[in-house]
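Residue-level structure breakdown
Chain by chain, the residues:
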Amino acid sequence: MERESLGFDPNTPNVARLYDYYLGGKDHFPADREAAEKILAVAPEVRLAARANRAFLGRAVRFLAQTGVTQFLDIGTGLPTQGNVHEVAREAAPGARVVYVDRDPVVLVHARALLADDANTVVVEGDVRDPGGILKNPDVTGLLDFSRPVAVLLVAVMHFVSEDEGPEEIIGALREAMAPGSYLVMSHGTSDARPDAVDKGVEVYRSATSPLTLRSRERVRELFGGFDLVEPGMVWLPQWRPDETDMIDFADDPQSSLIVCGVGRKN
């Protein structure tokens, strides 16, 4: 299913810029800040949750690179920030190849500027709702060899895909293209988290560039179908192979991170 790319509109809250705001970045506009503050007024833990999500991404990429994975397809990458996938992966695998995919024009401009001189990374326009278009993109197939293991990263992106848009079919198309030994990295906002935070988040994102579809933990687990979850399975963000500092903000209440996550292996 093809989708038009987003046009640049500073007056409509943008999911990539909202995330950037939570992370303390600078690439956002008054409409984004106003929308973000509406959520933070009810659920101040959203800012920490965004950072926990970014930390999970880093830990997952580091784990996979140490495992021997050297190819990464990051779909819905968002605005560049500290600890980008290619930077983390190359700490363990210097020759790692990374494809960043997004449909947001602001994200694409920033990412291409950052990676202009990097032969082992490429930035392409694409939409998670059109996995076939991503997989057939010559820039993707020119850098990644899908006959070998690849890590597909769907970090905080599938909760912007509605049930009508076929989340299982999207992930199934990606899984079909992945060689045995490949991995799916996914984090997903859940409706099982704090109700007032969930309700306000859904309300605010309804007027943003991508509405929010939060799912139960059980439903998110279903989206890992066809993959074997590596230890510790599907857990709250700070519980996935935490470093010493990762549990500090959520020591007493991991579910206040609002997002579940996991890494699945295709056998």
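To keep things clear, this report deals only with the structure shown in the data block.

1. Side note on empty space enclosed by the protein
- This structure, assessed with the given rule, holds three cavities of 30 Å³ or more.
- Roughly 770 Å³ of internal volume is contained in the largest cavity.
- In terms of lining residues, the largest cavity is bounded by 43 residues, among which Val 15, Ala 156, His 159, Phe 160 and Tyr 205 are the most central.
- Among the secondary structure elements, those contributing two or more residues to the lining of the largest cavity are helix H1 (15–22), helix H3 (45–67), strand E1 (71–75), strand E2 (97–102) and helix H9 (195–205).
- Here the element with the most residues in the lining of the largest cavity is H3; it accounts for six residues.
- Taken together, the residues of the lining of the largest cavity sort by class into 24 nonpolar, 12 polar and seven charged.

2. Quick word on the environment of Ser 162
- Note on placement: Ser 162 falls in the loop between strand E4 (151–155) and helix H8 (167–177).
- What makes Ser 162 partly exposed here is its relative accessible area of 22%.
- Between the C-alpha atoms of Ser 162 and Gly 25, which are 137 residues apart in sequence, the distance is 28 Å.
- Excluding anything up to four places from it in sequence, Ser 162 contacts Pro 167, Thr 213 and Arg 215.

3. Some details on the packing of helix H2 (residues 30–42) against H9
- Interaxial distance between H2 and H9 falls to 9 Å at its minimum, and their mutual angle equals 170°. Relative to H9, the element H2 is oriented roughly antiparallel. Contacts between H2 and H9 involve Ala 35, Lys 38, Ile 39 and Val 42 from the first element and Asp 196, Ala 197, Lys 200, Gly 201, Val 204 and Tyr 205 from the second.
- Class assignment for the residues of the contact of H2 with H9 results in six nonpolar, one polar and three charged.

Cut-offs and rules
All residue numbers refer to positions counted from 1 along the written sequence of the respective chain. Owing to the predicted nature of the model, reporting of local features is limited to residues with pLDDT of at least 70; listing and counting of side-chain atom pairs is limited to 80 or more, with chain, interface and lining totals taken over all residues. The basis for the side-chain values is all heavy atoms of the structure; hydrogens and waters are excluded. Points on a 1 Å grid over protein atoms alone make up a cavity when a 1.4 Å probe fits among them but cannot get out, and a pocket when they form an open set with protein on both sides within 12 Å along at least five of seven lines; lining residues each have an atom within 4 Å of a point. Grid points are joined across faces, edges and corners, and a volume is the space filled by probe spheres set on the points. Secondary structure counts use DSSP, requiring at least four H or I residues in a row for a helix and at least two E residues in a row for a strand, with both numbered from the N terminus. Ten residues, namely Ala, Val, Leu, Ile, Met, Phe, Trp, Tyr, Cys and Pro, are considered nonpolar, four, namely Asp, Glu, Lys and Arg, are considered charged, and the remaining ones, Gly among them, are considered polar. Exposed residues in this analysis have more than 50% of their type's maximum accessible area, buried residues have under 20%, and partly exposed residues fall in between, with area computed by a 1.4 Å probe over protein chains only. In what follows, residue pairs with any heavy atoms lying within 4.5 Å of each other are defined as contacts. Each axis is a line fitted through C-alpha atoms, and for a helix only the stretch in contact is used; angles between axes span 0 to 180 degrees, taken between their N-to-C directions. By definition in this entry, angles of less than 35 degrees are roughly parallel, angles greater than 145 are roughly antiparallel, angles of 65 to 115 are roughly perpendicular, and the rest are oblique.

Don't take any of this as a statement about function, it's just geometry.
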